[in-house]
Amino acid sequence: MALPLNDVKMNSRSLHDLTFDQMTALLVSEGLASLHAKTLWSTLHFRSLADPLSREDLSPPLRRWLVSNLSSGTWTLDVPPLNLDVPSGDGLTRKSLLKLTDNQEIETVIMSYDGRHTACISTQAGCAMGCVFCATGQMGFVRHLRPGEIVAQVHHARRVLVEQGKRLRNLVFMGMGEPLHNYDAVMTALDIITHTSGINIGPSKVSISTVGVVPGILRLAEEGRPYNLAVSLHAATDEERSAIVPANQRWPLPDLLAACRSYNAQTGRRIFFAWTLIHGVNDTPEHAQRVAELLRGLDAHVNLIPLNRTEGYEGVESAEEAANEFHRLLQEAGYPCTIRQRRGIDVAAGCGQLKAEKQRRRQAA
Ligand code: SF4
């Protein structure tokens, strides 16, 4: 549920934080017609204009209001400058480091495969979940992103793609941070992103990836949020999972699986389980059998992802034969299963890797 306008006014000054209804309420409360809110909404969110004043056909009252409020700092915009932009060698992945107003840096990745363009979005600066193999987890938690800072990444991706005559169609919330740890801001951002008069990305084209934040999964189901859910599993016993995903100590497998069953039942939606394949850690046939057992009865699809190596973790990706055997066993057990290709390794495409790489270079300089 988006915050009421008064709370938004107290907590934020960015026009990009506002849902359509909040923007309308704001402008009407300032004596402008609701039609002006529609114009401002389409300027910011349909046209993705970084500077709304660059639109020449703004009506005089709306232009005056914007000039007055933006120049005084009463309201601001979220248009984070680009600190680093790295295309992968194969041209299919492009990773951007965006700088926020407090100098925090977040990563947004644009991935283009089979003519489909997907942006991978960050929801926090750093992450509190501490997954041992993840560069963002190794950095620790800094802060939650506001809705406007999340939406700004989508606009960045749209602008990049529009320049190439392409259109952004899919979003995955798999960048830096745990989306369900920043639930309210992510849901408000999604209300903005999926609004049909603005960015208009269909809810079915949005995937939210969680490490297993049980209260968030239950809330998604209760609120009937129409997005795809991906749960990062990586291990099928509490002991093994807690060793690589510390959040498992807070939400152990029995609780997580119960929440997933409840999600399946309440929403009728399939859950996508992610399994990062780490050589010798979780990639044996016994592991595959255990995961098949664990997911029994769930409407589940398993995505197998060979590990993206990080500086702070000594594990390496599974051999191709081990990955293929794992895949075969899960399919044989009746689970739809896909081996995901690791893309953009040369641009440090695992979440947090580009930022970590940049920090290392700074320290070395
Ligand atoms: S994998 Fe996701 S949840 Fe785990 S530490 Fe990294 S960003 Fe956080």
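Each residue is numbered by its place in its chain's sequence as written, counting from 1. In keeping with the predicted nature of the model, local features appear solely for residues at pLDDT of at least 70, side-chain atom pairs appear and are counted solely at 80 or more, and the whole-chain, interface and lining totals rest on all residues.

Moving on, we come to the overall build of the chain. Working definition: helices are DSSP H or I runs of at least four residues, strands are E runs of at least two. Numbering for both runs from the N terminus. In terms of regular secondary structure, the chain is built from 13 helices and twelve strands. For 365 residues, the compact-globule estimate of 2.2 N^0.38 gives 21 Å, and the chain sits close to it at 21 Å. By its C-alpha atoms, the chain is 70 × 50 × 35 Å across when sized along the principal axes. Three exposure classes are used, all based on how many other C-beta atoms lie within 10 Å of a residue's own C-beta (placed from the backbone): buried at 20 or more, exposed at 12 or fewer, and partly exposed between those limits. The burial tally for the chain puts 42% of its 365 residues in the buried class. For the radius of gyration, the atom set is restricted to C-alpha positions; the globular benchmark scales as 2.2 Å times the number of residues to the power 0.38.

Between the first and last C-alpha of helix α3 (residues 34-46) there are 17 Å, a value that for 13 residues agrees with the 18 Å anticipated at 1.5 Å per step. Every buried residue of α3 is accounted for by H36, A37, L40, W41, T43, L44 and H45. Here the buried residues of α3 occupy an arc of 165° about the axis, which is enough to place them on one side. Of the residues trailing α3, S48 is marked for its positive phi of about 55°. Under the convention used throughout, the expected extent of a helix is 1.5 Å for every residue step, that is, one less than its residue count. Regarding the arc, it is the one traced by the directions from the helix axis to the C-beta atoms.

Backbone geometry places S48, a non-glycine residue, at a positive phi of 55°. In this fold, S48 is placed in the loop between α3 and α4 (60-72). With 19 C-beta atoms packed within 10 Å, S48 lands in the partly exposed category. Unusually for a residue other than glycine, N200 sits at a positive phi of about 60°. Relative to the elements of secondary structure, N200 occurs in the loop between α7 (183-193) and β8 (206-210). Since 11 C-beta atoms lie within 10 Å of it, N200 is described here as exposed.

Looking now at the nonpolar core. In terms of nonpolar packing, the biggest core is built from 74 residues, with I217 and L229 touching the most fellow members. Not counting the four nearest positions on each side in its chain, L229 is found in contact with I208, I217, L220, Y263, R269, I271 and F272. Nonpolar core, as used here: buried Ala, Val, Leu, Ile, Met, Phe, Trp, Tyr and Cys residues forming one set through C-beta atoms within 7 Å. Of all hydrophobic cores here, the second largest spans twelve residues; its members include L15, L26, W41 and L44. Throughout, a residue-residue contact means that the two C-beta atoms, derived from backbone geometry, are no farther apart than 7 Å.

Take the site of the ligand next. Any residue whose C-beta atom, as placed from the backbone, lies within 6 Å of a molecule or strand is termed near it. Residues in close proximity to the ligand total twelve residues, the closest being C127, M129, C131, C134 and G137. Charged means Asp, Glu, Lys or Arg here, nonpolar means Ala, Val, Leu, Ile, Met, Phe, Trp, Tyr, Cys or Pro, and polar covers whatever is left, Gly included. Along the lines of polarity and charge, the residues of the shell around the ligand split into seven nonpolar, four polar and one charged.

Either an automatic procedure or a domain database provided the assignment from which the domain bounds are taken. Its domain assignment divides the chain into domain 1 (5-72) and domain 2 (82-364). Each of domain 1 and domain 2 has a C-alpha centre, and these two points are 32 Å apart. Listed by partner, the interface residues are eleven residues for domain 1 and 15 residues for domain 2. When residues of the side of domain 1 that touches domain 2 are assigned to their parent elements, the largest contribution, four residues, is made by α3. Grouping the constituent residues of the side of domain 1 that touches domain 2 by class yields three nonpolar, seven polar and one charged.

This part covers helix α11 (residues 285-294). Those residues of α11 that fall on the buried side of the exposure criterion are H287, A288, V291 and A292. Down the axis of α11, the buried set is contained in an arc of 140°. They therefore lie on one face. The exposed set on the far side of α11, more than 90 degrees from its buried face, consists of E286 and E293. Elements that come into contact with the buried residues of α11 comprise β10 (271-277) and α12 (320-332).

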